[in-house]
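Commentary on secondary and tertiary structure
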Amino acid sequence: MRAIELKEFGGPEVLTWGEAPDPAPGHGEVLIDVVAAGVNRADLLQRQGFYAPPAGASEIIGLECSGVIAEVGDGVRDWRVGDRVCALLSGGGYAERVVVPAGQVLPVPEGLDLAAAAALPEVTATVWSNLVMTAGLHAGQLVLIHGGGSGIGTHAIQLAVHKGARVAVTAGSAEKLARCAELGASVLINYREDDFVAAVRAERSGVNGPGADIILDNMGAAYLSRNVEALAKHGHLVVIGMQGGVKAELDLGVLLSKWGSVHATNVRNRPATGTGSKAEIIADVRRHVWPLIADGTIVPVIHAELPIAEAAEAHRMLDGADTFGKVVLRVREDVN
């Protein structure tokens, strides 16, 4: 099969459209003819040599895809050849074919094409597992989402609003903040000009005091101390990215005074099955989020769709200041 090769770490130019061995499904797995693959921030880190795939996973970049099931392995009962699906991957999405455990596969939501569906598995799994399963998102809370214009951010805004939360976002331009407002965000913070700690603490005063009940953070070290300051009492800081570095000091006295919690999680390194697994998250997403996508309550926000051979440009685009939402790579034309 053809696939994006990564022969060395470096800039986007190291991504080339080459060849790779054909995968074959094992017990409990399905083989998907890939139509489209979502591009994620983790892909950029892997390209640079900072985010290795888990043991046993494909070395090919790509954490989500959509397509048509071409083959099912032994023990698979819920999927058939010809099913139109999308899937959460541990790797392998930037290719013509990929193998994935059956528990990480989802049907294409009603009303969506395969390109749009490719933008869903990673963001839905990340947002649901962190905001709901980890931080206990519920109505009446104030949720701060850093990077509101990202794929994660655009989905998280919509889910939090649906849950009855008030949403604060950070973004780097008035244009991005305006689009976040269209998705339901009500507290708009330009991180280039405004102090997000002061802005968030000014928005909440009540039983848990001023501050955010939940903060979804993609920056890591650079925002750690300020995020803790921005928490309300009993607040949850959930760190899902390291764009601002990996090491920082934490004032435990401030965290203790708020009875707060700091969580750091990812989806890629979770086990395939069992408690806290990818399969558990995907089952929850299918049950709770998929109906919201099917009825239009939550929509995938896609900035651009590029041919797979232009993966390097897709990486440049995702890293650019103007991108709002997801970037999708088209691997082949839709398979009917």
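This write-up is about the structure you can find in this document. (Residues numbered from 1 in each chain as written. Predicted model: local features only at pLDDT ≥ 70, side-chain atom pairs only at ≥ 80, totals over all residues. Heavy atoms only, no water.)

Comments concerning empty space enclosed by the protein
Applied cut-off: As defined here, a cavity is a set of points on a 1 Å grid over the protein atoms alone where a 1.4 Å probe fits but cannot get out. A pocket is an open set with protein on both sides within 12 Å along at least five of seven lines, and residues line them when an atom is within 4 Å of a point. Grid points are joined across faces, edges and corners, and a volume is the space filled by probe spheres set on the points. The helix count covers DSSP runs of H or I at least four residues long, the strand count covers runs of E at least two residues long, and both are numbered beginning at the N terminus. Residue polarity follows a fixed list, in which Ala, Val, Leu, Ile, Met, Phe, Trp, Tyr, Cys and Pro are nonpolar, Asp, Glu, Lys and Arg are charged, and the others, Gly among them, are polar.
Tallied over the full model, the rule gives one cavity of 30 Å³ or more. Lining of the largest cavity is provided by Ala-119, Leu-120, Val-123, Gly-151, Thr-154, His-155, Gln-158, Ile-298, Val-299, Pro-300, Val-301 and Lys-326. Among the elements that make up the lining of the largest cavity, the one with the highest residue count is helix H4 (residues 151–162) (four residues). Counted by class, the lining of the largest cavity contains seven nonpolar, four polar and one charged residues.

A closer look at unusual backbone geometry
For the record, the criterion: Throughout, exposure labels follow a simple rule: accessible area from a 1.4 Å probe, protein chains only, divided by the maximum for the residue type, with under 20% read as buried, over 50% as exposed, and the rest as partly exposed.
One non-glycine residue with positive phi stands out, namely His-234, at about 65°. Assessed through its relative accessible area of 41%, His-234 is described here as partly exposed. Even without being a glycine, Trp-259 presents a positive backbone phi close to 50°. With respect to the helices, strands and loops of the structure, Trp-259 is situated in the loop between helix H8 (252–257) and strand E13 (261–264). The exposed category is assigned to Trp-259, whose relative accessible area is 63%.

Observations concerning the side chain of Arg-268
We apply this condition: Whether two residues are in contact is decided by their heavy atoms, any of which lying within 4.5 Å being enough.
Structurally, Arg-268 can be placed in the loop between E13 and helix H9 (278–288). In this structure, Arg-268 is in contact with Gln-46, Tyr-51, Ala-52, Pro-53, Pro-54, Leu-63, Ser-90, Gly-91 and Lys-278, ignoring residues within four places of it in sequence.

Description of the side chain of Lys-278
Keep this limit in mind: Positive charges come from Lys and Arg, negative ones from Asp and Glu, while His and the chain ends are left out of the count. The salt bridge definition used is simple: a Lys or Arg side-chain nitrogen within 4 Å of an Asp or Glu carboxyl oxygen.
On the secondary structure map, Lys-278 appears in helix H9. Nearest to the buried, unbridged Lys-278 among oppositely charged side chains is Glu-122, at 8.8 Å.

Focus on the layout of surface pockets
Size it by volume and the second largest pocket reaches roughly 410 Å³. Every residue lining the second largest pocket is counted, 28 residues in all, and those nearest its centre are Gly-56, Ala-57, Ser-58, Gly-91 and Val-99. Sorting elements by how many residues they give to the lining of the second largest pocket places strand E6 (residues 97–101) first, with five residues. When grouped by side-chain class, the residues that make up the lining of the second largest pocket number 15 nonpolar, seven polar and six charged.

Brief notes about the pattern of salt bridges
Summed over all chains, the structure comprises nine salt bridges. With a shortest N-O distance of 2.6 Å, Arg-41 and Asp-319 are connected by a salt bridge. One end of the pair, Arg-41, is in helix H1 (residues 41–48); the other, Asp-319, is in the loop between helix H11 (311–318) and strand E15 (326–330), with 278 residues separating them in the sequence. Among the ionic pairs, Arg-330 bridges to Glu-305, the shortest N-O distance being 2.9 Å. Within this pair, whereas Arg-330 is found in strand E15, its partner Glu-305 is found in strand E14 (residues 302–307), the two being separated by 25 residues in sequence. Classification of Arg-330 as buried rests on a relative accessible area of 19%. Taking relative accessible area as the criterion, Glu-305 reaches 43% and is therefore assigned partly exposed.

Section: the sheet that holds E13
Two orientations exist for strands paired in a sheet by backbone hydrogen bonds: parallel and antiparallel. Quick reminder of the rule: We treat two strands as partners when DSSP finds at least two bridges between them. For helices, the axis comes from a line fit to the C-alpha atoms of the stretch in contact; other axes are also lines fit to C-alpha atoms, and the angle between any two N-to-C directions lies between 0 and 180 degrees.
Across the sheet, six strands lie side by side as E10-E9-E8-E11-E12-E13; this open sheet has parallel pairing. On the outer flanks of this sheet lie strand E10 (187–190) and E13, each paired with one strand and no other. Each strand of the sheet is rotated relative to its neighbour by a mean of 15°, with strand direction disregarded. Both strand E8 (residues 142–145) and strand E11 (residues 212–217) contribute to a ladder of three bridges, which runs parallel. The residue bridging Leu-144 from the neighbouring strand is Ile-215, located in E11. In the packing of helix H3 (residues 121–134) onto the sheet, the strands contacted are E8, E11, strand E12 (231–239) and E13, and the crossing angle to E11 comes to about 155°. Its contacts with the sheet put H4 on E8, strand E9 (166–171) and E11, and the angle it makes with E9 is roughly 165°.

Quick look at the packing of H3 against H9
For any two helices packed against each other, the geometry is given by the interaxial angle and the distance between the axes. Filter applied, for reference: By definition in this entry, angles of less than 35 degrees are roughly parallel, angles greater than 145 are roughly antiparallel, angles of 65 to 115 are roughly perpendicular, and the rest are oblique.
At their nearest, the axes of H3 and H9 sit 9 Å apart, and the two run at 90° to each other. Between H3 and H9, the angle falls in the class roughly perpendicular. Across the interface between the two elements, Thr-124, Ala-125, Trp-128, Ser-129 and Met-133 from H3 touch Glu-280, Ile-281, Ile-282, Asp-284, Val-285 and His-288 from H9. Among the residues forming the contact of H3 with H9, the class breakdown is six nonpolar, three polar and two charged.

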